[in-house]
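Structural description and commentary
Listed below, chain by chain, are the residues.
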Amino acid sequence: MAWADGLREAEVEPSLYAADFARLGEQIEQLLAAGTRLFHYDVGDGHFVEPIIIGPIVLQSIGGLIHEGGGRVDVHLMIERPEEWVDRYANAGATYLTIHVEATRDVPGTLAAIRGRGVRPGLTLNPETAVDAVMPYLGSVDLALVMSVHPGFGGQTFIESALDKVRAIREALDERKLAAELEVDGGVKPDNCARVVAAGATVLVAGSAVFEDPAGPPAALRKFRQALRR
Ligand code: DX5
Ligand code: ZN
């Protein structure tokens, strides 16, 4: 496994979907100060997933703040026809751009277009999609994302069968000596994160566990780090 760009062995990635949007900049600065280097940015179109979440305009507003603070933005496109949006998210400051394998008829072309814009391509799959759907593309991505909830909303319960997919992708990445990040998104908490990392994940998305902790986001991050014993 390569951590060439400075990622620690397992990185907790706060999902801004769960942030207080009235205090978004302030919360990003707080997380940067607490050591966050990767921010998860959920995009929903009201079609592929039920809610309309946020789009490139908000990313444009916060991208500078995150990049200047040494952070990166991992954009999770829960939208149909992601190929039509690559340029806009690249221009707005995406570091990673992750598409759903179910959302486009041209997975390889979209991944190539993302890379062509100097953005790191990611690929993900819904809980009901067989892991085989992403296997042919592992050599073309910088990030493989396993959804551990049905995409659309934060605060859902972790689907245990996601761990089998994580193990299968970890095995395939190692076998093929591929250094892509392996990310898990949905229902990840301090009390299950160690199992997710043990299955082979390197990036843990956490929305409600970070932003809804009554002790505040930095304290929540400490709980994750403690659970991961580092
Ligand atoms: C779910 C989103 C997730 C969500 C995670 O549709 O893709 O990124 O923000 O939230 P939690 O950690 O609360 O499950
Ligand atoms: Zn997400």
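Quick note: structure is the one above.
Residues numbered from 1 in each chain as written. Chains lettered and ligands numbered in written order. Predicted model: local features only at pLDDT ≥ 70, side-chain atom pairs only at ≥ 80, totals over all residues. Heavy atoms only, no water.

**Section: the site of ligand 1**
- What surrounds ligand 1 is a group of 19 residues, the closest being D42, G152, D185, G207 and S208.
- Between ligand 1 and the protein, one listed contact pairs an oxygen atom with a side-chain N or O atom of S15 at 2.8 Å.
- Contacts to ligand 1 include G207, whose backbone N or O atom sits 2.7 Å from an oxygen atom.
- Contact with the protein chains removes 100% of the 380 Å² of surface that ligand 1 exposes when unbound.
- A molecule is said to occupy a pocket when more than half its atoms come within 2 Å of that pocket's grid points, and by this definition ligand 1 occupies the largest pocket. (Near = heavy atom within 4 Å. Polar contact = N/O pair within 3.5 Å; in protein donor to acceptor, adjacent residues only side chain to side chain. Areas by Shrake-Rupley, 256 points an atom, 1.4 Å probe, with all protein chains shown as cover. 1 Å grid on protein atoms, 1.4 Å probe; cavity = no way out; pocket = protein on both sides within 12 Å on 5 of 7 lines; lining within 4 Å. Sits in = over half its atoms within 2 Å of the grid points.)

**As for the pattern of salt bridges**
- Under the defined criterion, the tally for this structure stands at nine salt bridges.
- Here E84 ties to R81 by a salt bridge, and the two come within 3.2 Å at their closest N and O atoms.
- The class for E84 is partly exposed, based on a relative accessible area of 46%. (Salt bridge = Lys/Arg side-chain N within 4 Å of Asp/Glu carboxyl O. Buried < 20%, exposed > 50% of the residue type's maximum accessible area, 1.4 Å probe, protein only.)

**Some thoughts on helix 1 (residues 24-33)**
- Those residues of helix 1 that sit buried are L24, Q27, I28, L31 and L32. All buried residues of helix 1 lie within an arc of 140° about the axis, which places them on one face of the element.
- Directly beyond the C-terminal end of helix 1, a positive phi value near 100° is found at G35. (Helix = DSSP H or I, 4+ residues; strand = E, 2+ residues; numbered from the N terminus. Arc of directions from axis to C-beta.)

**Concerning the side chain of E11**
- Structurally, E11 can be placed in strand 1 (residues 11-14).
- Excluding residues within four positions of it along the chain, E11 makes contact with G35, R37, L38, T202, V203 and L204. (Contact = heavy atoms within 4.5 Å.)

**Focus: the coordination of the zinc ion (ligand 2)**
- In this structure, H40 (NE2), D42 (OD), H76 (ND1) and D185 (OD) serve as the protein donors to the zinc ion (ligand 2), at separations of 2.1 to 2.2 Å.
- Metal-centred angles of 71 to 174° between the six donor atoms at the zinc ion (ligand 2) mark the site as octahedral.
- Each donor residue of the zinc ion (ligand 2) lies on one chain, and together they are spaced H-x1-D-x33-H-x108-D. One end of the pair, D42, is in strand 2 (residues 38-44); the other, H76, is in strand 3 (residues 72-78), with 34 residues separating them in the sequence. Comparing D42 with H76, the two get one shared label, buried. (Donors = N, O, S within 2.8 Å, 3.2 Å for Na, K, Ca; no water. Tetrahedral: all angles 85-135°; square planar, octahedral: opposite > 155°, others 65-115°.)

**What to know about the sheet that holds strand 1**
- The parallel open sheet is built from eight strands, whose spatial order is 1-8-7-6-5-4-3-2. At either margin of the open sheet sits one strand with a lone partner, and together these are strand 1 and strand 2. On average, each strand axis in the sheet is inclined to that of its neighbour by 25°, with strand direction left out of account.
- Looking at chain direction, strand 4 (residues 96-100) and strand 5 (residues 120-125) are connected through five bridges and run parallel. In the sheet register, T98 faces strand 5, and the bridge partner there is G122.
- Together, strand 2 and strand 3 form the strand contacts of helix 2 (residues 56-68), whose direction differs from that of strand 3 by roughly 155°. (Pairing = 2+ DSSP bridges. Axes fitted to C-alpha atoms, helices over the stretch in contact; angles between N-to-C directions.)

**Side note on the environment of F158**
- Among the secondary structure elements, F158 is positioned in the loop between strand 6 (143-147) and helix 5 (162-175).
- In this structure F158 comes out as buried when scored by relative accessible area, which is 10%.
- Separated by 145 residues in sequence, F158 and E13 place their C-alpha atoms 16 Å apart.
- Ignoring any residue separated from it by four or fewer positions in sequence, one finds F158 in contact with S148, L163, V184, G186, G187, V188, N192 and V196.

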